Amino acid sequence: MTASHAEDQKRARLKVTVTRRLPEVVETRMSELFDVHLRHDDTKMTRDELVAAMRSSDILVPTVTDTIDANMLAQAGERLKLIASYGAGVDHIDVHSARQRGVLVSNTPGVVTEDTADMTIALILAVTRRIPEGIAEMQAGRWKGWAPTSHLGGRVGGRRLGILGMGRIGQAVARRANVFGMQVHYHNRRRLRPEIEAELQATYWESLDQMVSRMDIISINAPHTPSTFHLMNARRLKLMKPSGVIVNTSRGEVIDENALTRMLRSGEIAGAGLDVFEHGHEINPRLRELPNVVLLPHMGSATIEGRVEMGEKVIINIKTFADGHRPPDLVVPGLL
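Please read all numbers here as calculations on a predicted model, not as lab measurements.

**A few points about the UniProt feature "domain: D-isomer specific 2-hydroxyacid dehydrogenase NAD-binding" (unreviewed entry) in the protein chain**
Working step 1: According to UniProt, the feature "domain: D-isomer specific 2-hydroxyacid dehydrogenase NAD-binding" (unreviewed entry) maps to residues 121-300 in the numbering used here.
Working step 2: Taken end to end, residues 121-300 comprises 34% helix and 16% strand; its first and last C-alpha atoms sit 11 Å apart.

**Remarks on the packing of helix α6 (residues 113-128) against helix α8 (residues 168-179)**
Working step 1: It is at 8 Å that the axes of α6 and α8 come closest, and there the two elements cross at 50°. Judged by the angle between their axes, α6 and α8 are oblique. Seen along the crossing, α6 lies across α8 with a hand that is right-handed. Of the residues in α8, those in contact with Thr113, Glu114, Thr116, Ala117, Asp118, Thr120 and Ile121 of α6 are Arg168, Ile169, Ala172, Val173, Arg176 and Ala177.

**Regarding the UniProt feature "domain: D-isomer specific 2-hydroxyacid dehydrogenase catalytic" (unreviewed entry) in the protein chain**
Working step 1: The feature "domain: D-isomer specific 2-hydroxyacid dehydrogenase catalytic" (unreviewed entry), as given by UniProt, occupies residues 19-331 in the numbering adopted here.
Working step 2: Counted over residues 19-331, helix gives 38% and strand 13%. Its end C-alpha atoms are 20 Å apart.

**Notes on the environment of Leu80**
Working step 1: Inspection of the secondary structure puts Leu80 in the loop between α4 (70-74) and β4 (82-84).
Working step 2: Not counting the four nearest positions on each side in its chain, Leu80 is found in contact with Met54, Ser57, Asp58, Ile59, Leu60 and Val103.

**Here we look at the domain arrangement of the protein chain**
Working step 1: Once the domains are mapped, the protein chain shows domain 1 (15-107 + 303-335) and domain 2 (113-141 + 153-295).
Working step 2: Relative placement of domain 1 and domain 2: their C-alpha centres are 31 Å apart.

**Examining the pattern of salt bridges**
A side chain with one charge may pair with a side chain of the opposite charge, provided their charged atoms come close.
Working step 1: On inspection of all chains with the given rule, the structure shows 19 salt bridges.
Working step 2: A salt bridge links Lys241 to Asp216; its shortest N-O distance comes to 2.9 Å. Note that Lys241 is positioned in the loop between α11 (234-237) and β10 (245-248) and Asp216 in the loop between α10 (208-214) and β9 (217-220), a separation of 25 residues in sequence.
Working step 3: Between Glu268 and Lys238 there is a salt bridge, with its nearest N and O atoms 3.4 Å apart. Note that Glu268 is positioned in the loop between α12 (257-266) and β11 (271-274) and Lys238 in the loop between α11 and β10, a separation of 30 residues in sequence.

**What to know about the environment of Ile316**
Working step 1: Position of Ile316 among the secondary structure elements: in helix α14 (residues 304-322).
Working step 2: Taking C-alpha positions, Ile316 is 7.6 Å from Pro327, a pair spaced 11 residues apart along the chain.

**A short note on the nonpolar core**
Working step 1: One finds Leu161, Ile163 and Met166 to be the most contacted residues of the largest nonpolar core, which totals 28 residues.
Working step 2: Every element with two or more residues in this core is listed here: α6, β6 (160-164), α8, β7 (183-187), α9 (194-200), β8 (202-204) and β10.
Working step 3: For this core, the element with the most residues is α6, which contributes 7 residues.
Working step 4: In this structure Leu161 touches Ile124, Val173, Ala177, Met182, Gln183, Val184, His185, Met215, Ile217 and Ser219, once residues within four positions along its chain are discounted.
Working step 5: Met211, Ile269, Phe277 and Ile283 belong to the second-largest nonpolar core, a separate cluster that totals 27 residues.

**Describing the pairing of β7**
Working step 1: Counting buried positions over the 5 residues of β7 gives 4, a clear majority of the element.
Working step 2: Here β6 pairs with β7 via 5 bridges, running parallel. For Gly162, the partnering residue across the bridge sits in β7 and is His185.
Working step 3: You can see the chain leave β6, run along α8 and come back into β7, and the turn it takes is right-handed.
Working step 4: Regarding the hand of the β-α-β motif, the stretch spanning β7, α9 and β8 is right-handed.

**Concerning the packing of aromatic side chains**
Ring pairs (aromatic) are described by centroid distance and by the angle formed between their planes.
Working step 1: Applying the stated rule across the entire model yields 1 aromatic pair.
Working step 2: Between Tyr186 and Tyr204 the ring centres are 5.2 Å apart and the planes differ by 50°, which places this aromatic pair in the tilted class. Residue Tyr186 is located in strand β7, and its partner Tyr204 is located in strand β8; the two are separated by 18 residues in the primary sequence.

**Details of α8**
Working step 1: If you check α8, its first and last C-alpha atoms are 17 Å apart, about what 12 residues at 1.5 Å a residue would give, namely 16 Å.
Working step 2: Check the buried side of α8 and you find it contacts α6, β6, β7, α9 and β9.

**Concerning the packing of helix α2 (residues 24-33) against α14**
Working step 1: It is the contact of α2 with α14, at a shortest axis distance of 9 Å, that shows an interaxial angle of 15°. In terms of axis orientation, α2 runs roughly parallel to α14. Between α2 and α14 lies a crossing of right-handed hand. Residues Val25, Val26, Arg29, Met30 and Leu33 of α2 form the contact with α14, whose participating residues are Arg307, Val308, Gly311, Val314, Ile315 and Lys319.
Working step 2: Looking at the contact of α2 with α14 residue by residue, the class counts come to 7 nonpolar, 1 polar and 3 charged.

**What about the sheet that holds strand β5 (residues 104-106)?**
Working step 1: Strand order in the open sheet formed by 5 strands is β2-β1-β3-β4-β5, with parallel pairing between adjacent strands. Two strands in the sheet have a free side with no partner beyond their single neighbour: β2 (35-37) and β5. For this sheet, the mean angle separating the axes of adjacent strands, direction not counted, is 20°.
Working step 2: Where strand β1 (residues 15-18) and β2 come together, 3 bridges link them in parallel fashion.

The rules behind the values
Residues numbered from 1 in each chain as written. Predicted model: local features only at pLDDT ≥ 70, side-chain atom pairs only at ≥ 80, totals over all residues. Heavy atoms only, no water. UniProt positions renumbered as here; feature names shortened; annotations may be inferred. Helix = DSSP H or I, 4+ residues; strand = E, 2+ residues; numbered from the N terminus. Axes fitted to C-alpha atoms, helices over the stretch in contact; angles between N-to-C directions. Parallel < 35°, antiparallel > 145°, perpendicular 65-115°, else oblique. Left-handed = near helix turned anticlockwise from the far one by under 90°. Contact = heavy atoms within 4.5 Å. Domains from an automatic or database assignment. Salt bridge = Lys/Arg side-chain N within 4 Å of Asp/Glu carboxyl O. Core = buried A, V, L, I, M, F, W, Y, C linked by side-chain atoms within 4.5 Å. Buried < 20%, exposed > 50% of the residue type's maximum accessible area, 1.4 Å probe, protein only. Pairing = 2+ DSSP bridges. Right-handed = clockwise from strand over helix to strand, strands pointing away. Phe/Tyr/Trp six-rings, centres within 6.5 Å; stacked < 30°, edge-to-face > 60°. Expected span 1.5 Å × (residues − 1). Nonpolar A, V, L, I, M, F, W, Y, C, P; charged D, E, K, R; others polar.

Here is the structure:
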């Protein structure tokens, strides 16, 4: 028996359960490497189904739609050893409880950086240039021809962009904003190194309140943690200029959605572009009705290339674990 064949047999003994449909090429590769149980329809697993999957599997591959809390982990039994999450965010998993039970958690960081930054700029343009309104008018056959004062939006060049969260995605947004001629500002837990600030032409604000009050556009690029929940609350949203626009492609929980809706309705904020929402797919119906809001169904990372790369990272994490080593994208609770 060759060494590679022996390694394949070892991996095959590890049962892997995938909670959602993944790109076909990813599922095929997983099936070749592991004893994998794939989801045949693309619906969310219930809590009971997730618990059953954890009890019967060595490795669980969940997505951001699967909430795995301490109570569920307590029912998981002793077999589960790795949660190889398909996605960069891990706020849907109680990582601390998992580690206390001896379950490792890995993710897929860095893959969706460029895709999400692209979508952030797309939302900024869509809101400021009123693109969805133009599309709707054309599709409804209401357009009567060009007029000097119709469909007037705003020029993004020269506007102040305040980035909340200057990690990989925030920095990618900054690079794109520079190309469009925007002035880049940012607030972050830690100030960037001077050479990175210089490269990004970015101005640091220690005070989030002061930054918010002076920006034309706010881009939310921060993860959801206890410290960022409703970071953009009603008080802070009121600091924005009446002409200001807010865009969110990170996590919906960072913004108080009800407060944002009220202020958009009353004209206290000019517009918003949202790809994520505080309560998942349950969106405030009043928000849907507003003409100054662009809503997307969590499309920020939705490229074929990105989804396949995410799957490849999951496979590498599982293979590395199966070989007795630390997964390269291990999530360390103390660093969250």
